[in-house]
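Given next are the chains, with one letter for each unit.
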Amino acid sequence: MGNNLPSHSEVIQLYKSRNIRRLRLYDPNHGALNALRGSNIEVILGLPNVDVKHISSGMEHARWWVQKNVRDFWPHVKIKYIAVGNEISPVTGTSNLAPFQVPALVNIYKAIGEAGLGNDIKVSTSVDMTLIGNSYPPSQGSFRNDVRWFTDPIVGFLRDTRAPLLVNIYPYFSYSGNPGQISLPYALFTAPNVVVQDGSRQYRNLFDAMLDSVYAAMDRTGGGSVGIVVSESGWPSAGAFGATHENAQTYLRNLIQHAKEGSPRKPGPIETYIFAMFDENNKNPELEKHFGMFSPNKQPKYNLNFGVSERVWDITNSTASSLTRAKSVGVCYGMLGNNLPSHNDVIQLYKSKNIKRLRLYEPNHEVLEAL
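Residue numbers here run from 1 along each chain, matching the order of that chain's written sequence. This being a predicted model, a pLDDT of at least 70 is required before a residue's local features are given, and a value of 80 or more before pairs of side-chain atoms are given or counted; all residues contribute to the totals for chains, interfaces and linings. Calculated side-chain values reflect all of the structure's heavy atoms, with hydrogen atoms and water omitted.

K.L.:
Help me understand the packing of aromatic side chains in this model?
P.N.:
What characterises a pair of aromatic rings is the spacing of the ring centres plus the angle enclosed by the ring planes. The pairing test for Phe, Tyr and Trp rings, Trp by its six-membered ring, is centres within 6.5 Å, and the orientation test on the planes gives stacked under 30 degrees, edge-to-face over 60, and tilted for anything in between. Within this structure, the stated rule accounts for 17 aromatic pairs. Measuring from centroid to centroid gives 5.8 Å for Phe189 and Phe207, while their planes differ by 45°, and the two rings are tilted. Here Phe189, found in the loop between helix 8 (184-188) and strand 8 (196-198), pairs with Phe207, found in helix 9 (residues 206-220); they are 18 residues apart in sequence, far enough to count as distant. By the burial criterion, Phe189 is buried, and Phe207 matches it. On the numbers, 5.7 Å between centres and 70° between planes, the contact of Phe275 with Phe291 is edge-to-face. Remark: Phe291 occurs in the loop between strand 11 (272-274) and strand 12 (305-308) and Phe275 occurs in the loop between strand 11 and strand 12; sequence separation between them is 16 residues. Overall, Phe275 belongs to the buried group, its relative accessible area being 10%. A 1.4 Å probe rolled over the protein chains alone gives each residue an accessible area, and that area as a share of the maximum for its type sets the label: buried under 20%, exposed over 50%, partly exposed in between. Overall, the relative accessible area of 3% leaves Phe291 in the buried class. Pairwise contacts between aromatic rings join Tyr26, Tyr170, Tyr172, Phe173, Tyr175, Phe189, Phe207, Trp235, Phe241, Tyr251, Phe275 and Phe291 into one cluster. Ring-over charges, as used throughout, are those where CZ of Arg or NZ of Lys falls within 6 Å of the ring centre and within 35 degrees of the ring normal. In this structure, Lys266 is placed above the aromatic ring of Tyr215, and the distance from its NZ or CZ to the ring centre is 5.2 Å. Strands here mean DSSP runs of E at least two residues long; helices mean DSSP runs of H or I at least four residues long; both are numbered from the N terminus.

Right under this line is the structure:
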């Protein structure tokens, strides 16, 4: 949504040059899909909200949509998920679409199966946190009672089809809406200590707490086996309270690192999509113009690292730095000094640099506690 953005082919070349291997597309734009041919980039393909009611009304519409927007590009475009609708909710401005959500999901799922792609492409929908009624502590997460008629069938569909729920998670909005209760370090992954103790689970960042509250909500509705893909997360660099270049860079840098680790409830890599690639000057309000990682001239706004196999690529440089991260390399923990940081600070430094192995020369219990 901008009048100064690069062409589709330039955008895909930029993804490839920065080694960004996953992309979310909000509608089946054929210019973008054609540019993706042969790129090997995995794609979340959106079925826009404006089409949900139409698709729900009959299989012939779903078959046509799948043929035109999926089959005509497969397998040259690696479509991984189809997101049927974005942030449809009974309690927002999209409430008129809520009754058509599940029928549309079912019809697209059947059409994908008929096309012979049922084992390759998962069908889901992307939701936001307005559906969560209680999120604190995370283990008590639950859907709002007045949306259960909407969420329960979705969770059941995803459980039965073994597809993940796509969730848009923005600590920025929780923080900016309630800065008196939520600290900036907790929102930016920089809190030095545990902020929320939830039974045996400890939370140092709001992202994990929000994510795990959704897992808990699904567990309460029989969806304990359903995974989550974070289909949007980001931080604006201007336009509103807390929206600064420094905050945005800190959040994105830490998010990229943290996505490799997982949450207290679900350790392991979190498939995560950053919103968004570019600043978009046709959006409103002002805040929405400033979520991009790149300016429209394709120059990076931030110094970010994207993890790639055993190396990390610097987003400001197309050359790989093999020293930044190697899966086989750890760092010995040295303690003979009178000017060294605390054990907690050291372990946080290991984590922030994504150093995943450590040698300890003696069983120092303070270090082991910090670990």
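K.L.:
Quick question: what am I supposed to make of the pattern of salt bridges here?
P.N.:
Where charged atoms from two side chains of opposite charge approach closely, those side chains can pair. A carboxyl oxygen of Asp or Glu within 4 Å of a side-chain nitrogen of Lys or Arg is what we treat as a salt bridge. If you walk through the whole model with that rule in mind, you get 13 salt bridges. Close ionic contact of Arg144 with Asp146 constitutes a salt bridge, the shortest N to O distance being 2.7 Å. Across the pair Arg159 and Asp160 runs a salt bridge, and its minimum N-O distance is 3.4 Å. Using a relative accessible area of 57% as the deciding quantity, one classes Asp160 as exposed. Linked through salt bridges whose partners overlap, the residues forming this network are Arg22, Glu42, Lys80 and Glu271.

K.L.:
Help me understand the nonpolar core, please; the structure alone is not making it clear to me.
P.N.:
Across soluble globular proteins, you tend to see nonpolar side chains buried next to one another. Buried residues of nine kinds, namely Ala, Val, Leu, Ile, Met, Phe, Trp, Tyr and Cys, make up a nonpolar core once their side-chain atoms join them within 4.5 Å. In terms of nonpolar packing, the biggest core is built from 92 residues, with Val70 and Ile108 touching the most fellow members. The contact criterion used is simple: two residues touch if any of their non-hydrogen atoms lie within 4.5 Å. Residues contacting Ile108, with those up to four places away along its chain left out, are Leu47, Ile55, Ala62, Trp65, Val66, Ile82, Val84 and Val123.

K.L.:
Looking at this model, I keep getting lost on the domain arrangement of the chain. Mind explaining?
P.N.:
You'll often see interface size given as the accessible area lost when the parts meet. As far as domains go, the chain holds domain 1 (8-294) and domain 2 (331-370). The centre of domain 1, based on its C-alpha atoms, is set 35 Å off from the matching centre of domain 2. Between domain 1 and domain 2, the residue contacts involve four residues of the former and six residues of the latter. Here the quantity called buried area is the total loss of accessible area, with a 1.4 Å probe, experienced by two parts when brought into contact, counted for both. Its largest share of buried area at the contact with domain 2, domain 1 owes to Arg204, Gln257 and Glu261, together 71% of the area lost on that side. The tally of links between domain 1 and domain 2 comes to zero salt bridges. Whenever a nitrogen or oxygen atom comes within 3.5 Å of another N or O atom, the pair is scored as a polar contact, on the condition that within protein one atom can donate a hydrogen and the other can accept it, and that pairs from neighbouring residues in sequence are kept only if both atoms are in side chains. Applying the counting rule to domain 1 against domain 2 returns one residue pair in polar contact (both at pLDDT 80 or more). As a working rule, the residues Ala, Val, Leu, Ile, Met, Phe, Trp, Tyr, Cys and Pro are called nonpolar, Asp, Glu, Lys and Arg charged, and the rest polar, with Gly in that last group. For the side of domain 1 that touches domain 2, the class distribution of residues is no nonpolar, one polar and three charged. The split into domains, and so the bounds of each, comes from an automatic or database assignment of domains.

K.L.:
Please explain the packing of helix 5 (residues 101-114) against helix 6 (residues 148-161) as it appears in this structure.
P.N.:
For any two helices packed against each other, the geometry comes down to the angle between their axes and how far apart the axes lie. Axis geometry follows a simple rule: fit a line to the C-alpha atoms, using only the stretch in contact for helices, then measure angles between N-to-C directions, giving values from 0 to 180 degrees. Their axes nearest at 9 Å, the elements helix 5 and helix 6 cross at an angle of 15°. Relative to helix 6, helix 5 is oriented roughly parallel. Helix 6 is crossed by helix 5, and the crossing has left-handed handedness. Of the residues in helix 6, those in contact with Gln101, Val102, Leu105, Val106 and Tyr109 of helix 5 are Phe150, Pro153, Ile154, Phe157 and Thr161. A per-class count over the contact of helix 5 with helix 6 returns eight nonpolar, two polar and no charged. Under this scheme an angle from 65 to 115 degrees is roughly perpendicular, one under 35 degrees roughly parallel, and one over 145 degrees roughly antiparallel; angles in between are oblique. Two helices crossing with the near one rotated counterclockwise from the far one by less than a right angle form a left-handed crossing, whereas a clockwise rotation gives a right-handed crossing.

K.L.:
Would you mind showing me how to read the packing of helix 3 (residues 49-56) against helix 5 here?
P.N.:
For the pair helix 3 and helix 5, the least separation of the axes is 8 Å and the interaxial angle reads 75°. Comparing the axis directions of helix 3 and helix 5 gives the class roughly perpendicular. Across from Val52, Ile55 and Ser56 in helix 3, the residues of helix 5 making contact are Gln101, Pro103, Ala104, Asn107 and Ile108.

K.L.:
I would appreciate a short explanation of empty space enclosed by the protein in the present structure.
P.N.:
Over the atoms, a rolled probe matching the size of one water molecule traces out where space is still vacant. Residues are said to line a cavity or pocket when one of their atoms sits within 4 Å of a point; the points come from a 1 Å grid over protein atoms alone, cavities being sets where a 1.4 Å probe fits but cannot get out and pockets being open sets with protein on both sides within 12 Å along at least five of seven lines. Grid points are joined across faces, edges and corners, and a volume is the space filled by probe spheres set on the points. Summed over the entire model, instances satisfying the criterion amount to two cavities of 30 Å³ or more. Space inside the largest cavity adds up to approximately 50 Å³. For the largest cavity, the full set of lining residues is Val127, Leu131, Phe143, Phe150, Thr151, Ile154, Val155 and Leu165. Sorting elements by how many residues they give to the lining of the largest cavity places helix 6 first, with four residues. Tyr109, Ile112, Gly113, Gly118, Ile121, Lys122, Val123 and Thr161 together form the lining of the second largest cavity. Counting residues per element, the ones that place at least two in the lining of the second largest cavity are helix 5 and strand 4 (122-127). It is helix 5 that contributes the most residues to the lining of the second largest cavity, three residues altogether.

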